[in-house]
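An overview of the molecular structure
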Amino acid sequence: MTLSYSRRRFIQTAAAGSAVLGLGDLAFLNSLRPVSAADAKLDPNVVKLDPGIEPLVRLIETTPRDRLLEEVGTRVRTGLSYRDLLAALLLAGVRNVEPRPSVGFKFHSVLVVNSAHLASLSSPDSDRWLPIFWALDYFKSAQAQDERERNWTMAPVDESKLPAARGAKGMFTEAMDNWDVAASDVAIAQLARSSGANEVFELFFRLGARDFRSIGHKAIYVANSCRTLQCIGWHHAEPVLRSLAYALLMHEGDNPAKRDDAADRPWRRNVQLAQKINDDWRGGKLSSDASRDLLVILREGSADAACDKVVELLNKGTSPQSIWDALFDASGELLLRQAGIVSLHAVTTTNALHYAFAASGDDMTRRLMMLQNAAFVTLFRDSLARRGTVAEARVDALEPAKFAAKGEAALEEIFAEVGRDAGKRRAAVGKMLAYLKAGGDAKAAIDTARRFVFLKGNDAHDYKFSSAVLEDYQHISPAWRDAYLSSSLMLLNGAGEADNGLIKRTRAALG
């Protein structure tokens, strides 16, 4: 089923409430058959989870894909909480899907959990299960792919090799510095048992940003695991952190600690450069001129030049907010220059590094997140040329398109263009900018974009990208945020795309 472009149909689609998705109040769950709560016997060679969540994880792991949503729906009807389902979904992913050979591909079933969660948080109550149901279905496809490849499953930690609690942090730091998988595994298991979330993630924030491998997925996994654990509880942390440490040690070739690889150079330089930032760097003034100056370097200069410019601006009294305004909009500009997988990850990586910047309590870590993000934007930019034609486009030179529609009619016209060819999308960018500059309701635009993800999204990137963009709109200064949100239409879902299989399946379940 595809959406009509009529005004009446569009309003039905974009209106608040579950009528958008034709799901009512999830009453379809009442028709689903009950499921036994008996726990399945667990293989002793598979890592054991918290006893309270193990049966639900096993349900997700063992239920066929074509029955999983109905089985889980039955549990929801009989009292399963959102938080427990979120926990079980994440844990099923980290136990069954290997974050190798790259922290991406099938592992998006884990990376997308927080994005689905963010989409749920921003939805009306009646729609809140939809992103999680989508992620459940996506996990089953990743699980099947993993089984076809190596059929990897996380094994129990080697209890005999766990370090003493007092030495776990030092052992973990040394193991990660040496890219030692076995030593890091036992060390992080002990850290999960003996330390708190803030102490552990201060280590991970830096580790996720230290190298430019897997096009930003390492930083993304750090941010997503931190955020999801905040919701589901630290008692679920150990398998998540073991998976995370294993993912961050992904590399190609010989041990990176023993060679000079391009992916590691920005970090090694920035560890030294960060010390040149004045101690009062957090108290600077907001400056659009400074943001524009940094944008020029991010657009044309090297990674080193971009990082040097960040230091220069901060030491001249520029607010870190102005640095982030440039970093966000430079990422958005890459969408205009080449809408695709590279520019998408420039946006989602910036979202992750900004989260680490905001969440960290360590002054040096915060400096490093800005510097690494500046370097990464230039590296993403240079990667575009290897993917095809790169258009000439400047986010700070975007012009509003002229069109007469206002309010809901304007959003109808804009999202009717999205999802068609690149030319139509560029027209939608200009129209969105005009809508926002004329005082259009940004929240209505964001809500509409999110609902089209529910209706049309077919890939983990649809959720990852939209969650990052729609969240970061609020993190950008008013002078810069409209162009950023407008540029995102190069990859957001729109009315011109077909409904996804999950929505069709849900409608079929409704009879």
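Before reading on, note that the structure itself is shown above.
Residues numbered from 1 in each chain as written. Predicted model: local features only at pLDDT ≥ 70, side-chain atom pairs only at ≥ 80, totals over all residues. Heavy atoms only, no water.

Quick notes on the side chain of Asp 482
- Here Asp 482 shows up in helix 22 (residues 478-487).
- For the buried residue Asp 482, which engages in no salt bridge, the nearest side chain bearing the opposite charge is Lys 437, 4.0 Å off.
- Within the local environment of Asp 482, its side chain forms a polar contact with the side chain of Tyr 473, the two groups lying 3.3 Å apart.
- Once you skip the residues sitting within four places of it in the chain, Asp 482 turns out to touch Leu 433, Leu 436, Lys 437 and Tyr 473. (Helix = DSSP H or I, 4+ residues; strand = E, 2+ residues; numbered from the N terminus. Buried < 20%, exposed > 50% of the residue type's maximum accessible area, 1.4 Å probe, protein only. Lys, Arg positive; Asp, Glu negative; His and termini not counted. Salt bridge = Lys/Arg side-chain N within 4 Å of Asp/Glu carboxyl O. Polar contact = N/O pair within 3.5 Å; in protein donor to acceptor, adjacent residues only side chain to side chain. Contact = heavy atoms within 4.5 Å.)

Looking at the environment of Cys 307
- Relative to the elements of secondary structure, Cys 307 occurs in helix 14 (residues 303-315).
- Separated by 64 residues in the primary sequence, Cys 307 and Leu 371 place their C-alpha atoms 5.3 Å from one another.
- Aside from chain neighbours lying at most four places away, what touches Cys 307 is Arg 269, Asn 270, Leu 273, Leu 371, Ala 374 and Ala 375.

Focus: the environment of Leu 162
- By secondary structure assignment, the location of Leu 162 is in the loop between helix 6 (129-149) and helix 7 (168-177).
- The buried category is assigned to Leu 162, whose relative accessible area is 17%.
- Considered as a pair, Leu 162 and Ile 188 are 26 residues apart in the sequence and their alpha carbons are 9.1 Å apart.
- When neighbours within four sequence positions are excluded, Leu 162 is seen to be in contact with Val 157, Val 186, Gln 190 and Arg 193.

Focus on the layout of surface pockets
- In this structure, the second largest pocket occupies an estimated 400 Å³ of space.
- Lining of the second largest pocket is provided by 18 residues; of these, Asp 177, Arg 206, Leu 207, Arg 210 and Trp 267 occupy positions nearest its centre.
- Of all the secondary-structure elements, those providing two or more residues to the lining of the second largest pocket are helix 7, helix 9 (197-209) and helix 12 (265-273).
- Across the lining of the second largest pocket, the residue classes break down as eight nonpolar, two polar and eight charged. (1 Å grid on protein atoms, 1.4 Å probe; cavity = no way out; pocket = protein on both sides within 12 Å on 5 of 7 lines; lining within 4 Å. Points joined across faces, edges and corners; volume = space filled by probe spheres on them. Nonpolar A, V, L, I, M, F, W, Y, C, P; charged D, E, K, R; others polar.)

Things to note about unusual backbone geometry
- Cis rather than trans, the peptide bond between Arg 100 and Pro 101 has omega equal to 5 degrees.
- At Ser 214, a residue that is not glycine, the phi angle is positive and equals roughly 60 degrees.
- For Ser 214, the location among the structural elements is in the loop between helix 9 and helix 10 (217-232).
- On the basis of relative accessible area, Ser 214 is assigned to the buried category, the value being 13%.
- The backbone of Ile 215 shows a phi angle near 35 degrees, a positive value even though the residue is not glycine.
- Tracing the sequence through the fold places Ile 215 in the loop between helix 9 and helix 10.

Some details on the nonpolar core
- Formed by 160 residues in total, the largest nonpolar core has its most connected members in Phe 172, Phe 204 and Leu 241.
- Setting aside chain neighbours within four positions, we find Phe 204 in contact with Phe 172, Ile 188, Val 222, Leu 241, Leu 244, Ala 245 and Leu 248. (Core = buried A, V, L, I, M, F, W, Y, C linked by side-chain atoms within 4.5 Å.)

Observations regarding the pattern of salt bridges
- Inspection of the entire model under this criterion finds 40 salt bridges.
- Asp 396 serves as the salt-bridge partner of Arg 299, at 3.1 Å between the closest nitrogen and oxygen. You can see Arg 299 sitting in helix 13 (residues 288-300) and its partner Asp 396 sitting in the loop between helix 17 (363-384) and helix 18 (407-417), a full 97 residues away along the chain.
- Note that Lys 431 and Glu 413 form a salt bridge whose closest N and O atoms lie 2.9 Å from each other. With Lys 431 in helix 19 (residues 422-437) and Glu 413 in helix 18, this residue pair connects regions lying 18 residues apart in the sequence.
- A relative accessible area of 28% places Glu 413 in the partly exposed class.
- One salt-bridge network, held together by shared partners, links Asp 211, Arg 213, Lys 218, Glu 252, Arg 259, Asp 261 and Asp 264.

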